[in-house]
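Letter by letter, the chains look like this.
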Amino acid sequence: MAMIYGRSIGCSLPRLGALRSVLSCSRSGNNIRYISITAQRYANDDAKLDLPALDQKWRQKWAALQKVKSAADSTAQKKYVLPMFPYPSGYLHLGHLRVYTIADVVARFHALQGHDVLLPMGWDAFGLPAENAAIERGINPATWTTSNIAKMKEQLDIMNGSWDWSRELATCDPSFYKHTQKIFLLLHEQGLAYQDEAEVNYDPVDKTVLANEQVDANGCSWRSGAKVEKRKLKQWFLRISEFRESLLQDLEVLGKNGDWPERVLTMQKNWLGKSTGATFKFPLMVLQHVTHSAIEVFTSRPDTLFGVQYLALASTHPVVAQLAAQDPELQAFLDTLPGLPPDSKVGYLLPHIRAVNPLAYHEETPEATKKSIPIYVAPYVLGDYGEGAVMGVPGHDVRDHSFWTTHHKDEPVRFVLAASEDESTTALANEPFIDHGVMTAHSGLFKGRSSKEAGDMLVKILEEAELAKPVEKWRLRDWLVSRQRYWGTPIPVVHCNSCGAVPVPDDQLPVELPKVDEHWAGKKAGNPLETLDDWVNTPCPKCHGPAKRDTDTMDTFVDSSWYFARFIDPHNNDAPFSAEKAKKMLPVDLYIGGIEHAILHLLYSRFIYKFLMGSSLVGETEGVQEPFKRLITQGMVHGKTYTDPATGKFLKPDEVDLSDPAKPKVVATGEVAGVSYEKMSKSKYNGVDPTGVIEQHGADATRAHMLFQAPVSEVLDWDGDKIVGVTRWLGRVWDLVQRLSTLAPSPQQTPRQYFEKEAQRFGKMTEKELGQWDKVARVWREVQKTIGSVTGSYEKVYALNTVVSDLMILTNVIVEEEKEVPAEVKREAVEALVRMMAPITPAFAEECWAVLHPTEGETSSIFKSEKGRFPVVDGTVESLLQSRKQTCAVQINGRLKFATEIAVVPEGLGEDEKTQWVVGEVFKTEEGKSKLKDIDVGRAKKVIVVKGGKLVNFVM
């Protein structure tokens, strides 16, 4: 078939006549801006659009449709979309609205593509906040939590989400935590859950153990603010260290194709913290009794051993503990450490004890290295990493350099490495050189060798003398899951003096939390389980003798480490999930949540999933086992914040005069208030209730505005005043649909059939008919372009903001050319627009679809209709609708004179013929005639035509 050309897509000027201002948008790349355009007023504008009323109408219809179970298409591709489930605080904020809007939009998009989509919702319901709220209010945390879930479920419902509530779960429900206990016992059976005495962070106010990350830089509890104490308690651990290699290696799989953000992968790698190096023994010189003859130190840089000028020990190191019993000043220093930041440069010089570098025993070692070195206790040394001791190398480590120059200002720093052999390209003398390089004269016989080679040699030499050993170290520690509190999953273990720790039998699960209403009514802190003799005392399942239940409960991260797997089989009473459903529905295809969960929640979920997929629950599995194929991390939502410029104080809403929104003023002083966007908080008075916004503007407009304001991964500066732009756009689409519904039925032909038919008489068209062809082609070409760009943006997820802008642009084009477009093309264009809008504005799209398809009945839904499937490109652009015109930039001596529209250069012309043809076409245009009338281009030395006629340069 011959190639047919249509007019290129461009910006159209507003038509004259009865005009009204509306809001539209244009886009260049990812930069979106609003522009004001005009559109002709039509007679049927009195069909009012009430978006909140549409929300209510269609939520009721969706609820009715959900009760009618449709037969699942067994051939449909499964798509599991999951936002991180919320803690039921009783209040949904705009951050919740953002993540759940993103999840629902993506789920609806895949549903419209014909996928079998799973979008469940549940509640991360255990945890200390509920227990604290219960103590404060004197009520059971279960009562508080259940009430909050009901409130938040109501709020979720008005967001127009498509949640599968038949799969709803709450981690505090015994039907859920029964299976959390089963998983714990599976781990225990495999030796992956064990008890050990460990030093823990203990909050004396909340009376519970805290993880390291729950202790702030000042040594205080993240929740109560109390000074954290160090205590030794017998604790339950999960042996996550057994999975550390696969947890590290499989990050490469997750990083392919950008499936997980690079930032998250880096954070996970750093938390796992694999490093290779060696442990060295530093013999001790002591003037008082200690049981240790040497201190072992791990380092990943054995090449710097010649540069060790001191040792630093953690406060928990055995040598420190032994000396503190004899040294009151040392003990007093240790008592101050919990209140110091981890990067503090303070240190306690241990008297009467020094260390000797293991290289001191080699006769060729320089004298400086043979000297004994001081030993400090320093807060920057971690007791649970390496050996609880570090070798201080001020010349080649930033932290060591800072510590050394604080305590030894007058002593020189020893540099044993340099960037080059002549040492001329090394960093400044007062700065450490931290890279690998070449050994210096301070390295004795190793001078001139590469540092990596020298490091390997040093380890081998000292290994023969039993003073060194090559080792591999990890920052990751086994997961401490014990919590000394009530509101969590009880640990299903009974402690018997004869049998030890005995698992609770399967038929006795769940071990349920007992009711302790008197405890809450008395507003008592602490763990009431410890004092409930009737509950604690129980027969041993093994010997039937007297025994006691474990009174600890599990860290809430245990619940959230597997909840996503329960959603696939939520009513299974016998097992957490069936093997068949696991193989069919897992892993999660798309997981959406905040970057704040990048380390612990995701790491623990990966560990538990790997364990479960290899356990007796599932049987044999092949390949890499990861719970989340793709991870999307959305940015935070910031609120508009007003401050008093005189005091810097945050202003309450009634303290700001917004009579002129462009110049908000402080009511008390009349001064112009400071305006910024900051993280929403009660103290800044910048919180926004999403329920109020939805009640005012409707859920669909709020969803579209939420997505339009910023790319998914970036911070969103919430400005509710701008929602009016989205509502105006929806009004324009509604007007289009209303006008289309009044047209008489069109011939039953597709746009492609229309263009193929018209193409047969293309050569006989008049100029007027060609002009109409161009307008019709412009509309359909824009439809096809938008289908491609919007489909890509929905799939990428991070570019959802451009979906709204692209659909606005398409709306403009349809409206501008509406009168020239035949009914069959116009109808298909508007229906394609509505179907592309449906994931973002579902209730609005449903109403438009019902207007366009009144014969489908009251129970019809765009999400259930075959006709409502997401549109796909039809190939007309490539085969039929290539542009007849192109823009030509005209230059004089390389400088742009003007641009004009000319016909596309015919194929088969030689270079000279092409030049003559382009010049002739330029002079046919009005711009060419007027702009070149005073220039004799016939005398040009050279005429250069490039890019197929898109540029012509007259060299005069």
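An unreviewed UniProt entry lists the chain under the name leucine--tRNA ligase, with Triangularia verruculosa given as the organism. Note on the chain: under the UniProt heading Catalytic activity (unreviewed entry), the record states "tRNA(Leu) + L-leucine + ATP = L-leucyl-tRNA(Leu) + AMP + diphosphate".

*Asks:* I'd like to hear about the overall build of the chain, residue by residue, with values.
*Replies:* If you tally the helices and strands in the chain, you get 30 helices and 38 strands. By its C-alpha atoms, the chain is 110 × 80 × 70 Å across when sized along the principal axes. Looking at the 956 residues of the chain, the share that counts as buried comes to 52%. Expressed as a percentage of contacts within the chain between residues at least 6 apart in sequence, the contacts between residues at least 24 apart total 72%. Carbon and sulfur atoms make up 51% of the accessible area of the chain, which amounts to about 44,300 Å² in all.

*Asks:* Let's hear about the pairing of strand S11 (residues 275-286): which residues, and what values?
*Replies:* Bridge count between S11 and strand S19 (residues 468-473): six bridges; the pairing is antiparallel. Directly across from Phe280, in S19, lies its bridge partner Ala468. Relative to strand S12 (residues 294-299), S11 runs antiparallel, the two being bridged by six bridges. Paired with Ala278 across the strands is Thr299, a residue of S12. Relative to strand S14 (residues 348-355), S11 is paired through three bridges, and the arrangement is antiparallel. Of the residues in S14, the one forming a bridge with Leu284 is Ala355.

*Asks:* An account of the sheet that holds strand S4 (residues 78-83) is requested, with residue identities and associated values reported.
*Replies:* Strands pair in a sheet through their backbones, by hydrogen bonds, and they do so in one of two ways: parallel or antiparallel. Taking strand neighbours across the sheet as the criterion, the four strands line up as S5-S4-S27-S28 in an open arrangement whose pairing is parallel. A strand with exactly one partner marks an edge of an open sheet, and here the two such strands are strand S5 (116-118) and strand S28 (628-634). Geometrically, the sheet is characterised by an average inter-axis angle of 20 degrees between neighbouring strands, direction not taken into account. Note that S4 and S5 share three bridges and pair parallel. Bridged to Lys79 within S5 is Val117.

*Asks:* Can you lay out the pattern of salt bridges for me, pointing to particular residues and giving the numbers?
*Replies:* What the rule picks out here adds up to 32 salt bridges. Where Lys370 meets Glu367, a salt bridge forms, and the shortest distance between an N and an O atom there is 3.7 Å. In this pair, Lys370 and Glu367 both sit in helix H11 (residues 367-370), three residues apart, roughly one turn of the helix. Since its relative accessible area comes to 56%, Glu367 is described here as exposed.

*Asks:* So, helix H12 (residues 398-407): which residues are in play, and what are the values?
*Replies:* Taken residue by residue, H12 has Asp400, His401, Ser402, Phe403 and Trp404 as its buried positions. Buried residues along H12 sit against strand S13 (310-313), strand S15 (373-377) and strand S16 (389-392).

*Asks:* For helix H10 (residues 328-336), give the residues involved together with the corresponding values.
*Replies:* For H10, the complete set of buried residues consists of Leu330, Phe333 and Leu334. Buried residues in H10, looked at end-on, bunch into an arc of 100 degrees, giving them a common side. With respect to the buried face of H10, the exposed residues turned more than 90 degrees away are Pro328, Glu329 and Asp335. In the core, the buried residues of H10 are packed alongside helix H9 (318-324), S14 and S15. N-capping of H10 is provided by Asp327, with a side-chain oxygen placed 3.1 Å from the backbone N of Glu329.

*Asks:* For the confidence of the model for the chain, give the residues involved together with the corresponding values.
*Replies:* Mean pLDDT over the chain: 86, with 91% of residues reaching 70 or higher. Between residues 1-46, whose pLDDT stays under 50, and residues either more than four places distant or in other chains, the model counts 119 contacts.

*Asks:* Quick one: what's the story with the environment of Leu810, residue by residue and with numbers?
*Replies:* Along the polypeptide, Leu810 turns up in helix H25 (residues 800-817). Classification of Leu810 as buried rests on a relative accessible area of 0%. If we skip the residues at most four places from it in the chain, Leu810 touches Glu782, Val783, Thr786, Leu833 and Met836.

*Asks:* Account for the packing of aromatic side chains, naming residues and giving values.
*Replies:* The relation between two aromatic rings is expressed through the spacing of the ring centres and the mutual angle of the planes. Scanning all chains against the criterion turns up 29 aromatic pairs. Ring geometry for Phe109 versus Phe870: centroids 5.0 Å apart, planes at 90 degrees, classification edge-to-face. Of this pair, Phe109 sits in helix H2 (residues 94-112) while Phe870 is found in the loop between helix H27 (842-852) and helix H28 (876-879), placing the two residues 761 residues apart along the sequence. Each member of the pair Phe109 and Phe870 is classed as buried. On the basis of an interplanar angle of 80 degrees and a centroid distance of 6.1 Å, the ring pair of Tyr563 and Phe564 is categorised as edge-to-face.

*Asks:* For the packing of helix H22 (residues 723-741) against H25, give the residues involved together with the corresponding values.
*Replies:* Packing of H22 against H25 leaves a shortest axis separation of 11 Å and a crossing angle of 40 degrees. The angle between H22 and H25 falls in the class oblique. Between H22 and H25 lies a crossing of left-handed hand. Across the interface between the two elements, Gly725, Val726, Trp729, Arg732, Val733 and Leu736 of H22 pack against Val804, Leu807, Met808, Thr811, Asn812, Ile814 and Val815 of H25. Across the contact of H22 with H25, the residue classes break down as nine nonpolar, three polar and one charged.

*Asks:* So what's going on with the UniProt feature "domain: Aminoacyl-tRNA synthetase class Ia" (unreviewed entry) in the chain? Which residues, and what values?
*Replies:* UniProt marks residues 476-638 and 666-715 with the feature "domain: Aminoacyl-tRNA synthetase class Ia" (unreviewed entry), using the numbering shown here. Split by type, residues 476-638 is 24% helix and 23% strand. Its first and last C-alpha atoms lie 34 Å apart. Counted over residues 666-715, helix gives 36% and strand 14%. Its end C-alpha atoms are 27 Å apart.

Conventions we followed
Residues numbered from 1 in each chain as written. Predicted model: local features only at pLDDT ≥ 70, side-chain atom pairs only at ≥ 80, totals over all residues. Heavy atoms only, no water. UniProt positions renumbered as here; feature names shortened; annotations may be inferred. Helix = DSSP H or I, 4+ residues; strand = E, 2+ residues; numbered from the N terminus. Buried < 20%, exposed > 50% of the residue type's maximum accessible area, 1.4 Å probe, protein only. Contact = heavy atoms within 4.5 Å. Areas by Shrake-Rupley, 256 points an atom, 1.4 Å probe, with all protein chains shown as cover. Pairing = 2+ DSSP bridges. Axes fitted to C-alpha atoms, helices over the stretch in contact; angles between N-to-C directions. Salt bridge = Lys/Arg side-chain N within 4 Å of Asp/Glu carboxyl O. Arc of directions from axis to C-beta. Polar contact = N/O pair within 3.5 Å; in protein donor to acceptor, adjacent residues only side chain to side chain. pLDDT = per-residue confidence, 0-100. Phe/Tyr/Trp six-rings, centres within 6.5 Å; stacked < 30°, edge-to-face > 60°. Parallel < 35°, antiparallel > 145°, perpendicular 65-115°, else oblique. Left-handed = near helix turned anticlockwise from the far one by under 90°. Nonpolar A, V, L, I, M, F, W, Y, C, P; charged D, E, K, R; others polar.

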